[in-house]
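Here is what each chain is made of, one letter per residue.
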Amino acid sequence: MFYFELMVTLSECGANIDANAELGLLSEQWNAGARWLWFMPWYDGEGVSLSHASQEWWLDAMSQSYVIARESLPSFK
């Protein structure tokens, strides 16, 4: 049985711990086949500095037609 077309919820994604490697924009990751139901990238913490989610990354992510902002969702109450 294959599940290649199923989306996966990855709540924390894309920590770039290699300062010499460039992490792709969300649009590049999506075009390479990565799929998420929702996402939230890692940020600095616990004395570790992570390189991710620059302003360019967020502008790219939020400008994609497949990204839906929470404010755009109907009330589920």
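Our structure's up above, just so we're on the same page.
Remember, predicted model here, so these are calculated numbers, not experimental data. (Residues numbered from 1 in each chain as written. Predicted model: local features only at pLDDT ≥ 70, side-chain atom pairs only at ≥ 80, totals over all residues. Heavy atoms only, no water.)

Asker: Whenever I open this one, a nonpolar patch on the surface confuses me. Can you help?
Answerer: Together, L37, W38 and M40 make up an exposed nonpolar region whose accessible area comes to about 320 Å². Mapped onto the elements of the fold, W38 is located in the loop between α1 (26-31) and α2 (55-62). Judged by its relative accessible area of 46%, W38 is partly exposed. (Patch = residues over 30% accessible without salt bridge, like charges linked within 9 Å, V, L, I, M, F, W, Y side chains within 5 Å. Areas by Shrake-Rupley, 256 points an atom, 1.4 Å probe, with all protein chains shown as cover. Salt bridge = Lys/Arg side-chain N within 4 Å of Asp/Glu carboxyl O. Helix = DSSP H or I, 4+ residues; strand = E, 2+ residues; numbered from the N terminus. Buried < 20%, exposed > 50% of the residue type's maximum accessible area, 1.4 Å probe, protein only.)

Asker: Mind showing me how you'd approach α2 here?
Answerer: Because each turn of an α-helix spans 3.6 residues, side chains separated by three or four positions in sequence point in the same direction. Buried within α2 are the following residues: W57, D60 and A61. Projected down its long axis, α2 carries its buried residues within an arc of 100°, all on one side. Of the residues in α2, the exposed ones pointing more than 90 degrees away from the buried face are Q55 and L59. Next to the buried residues of α2 lie α1. (Arc of directions from axis to C-beta. Contact = heavy atoms within 4.5 Å.)

Geometric values such as these leave the question of function open.
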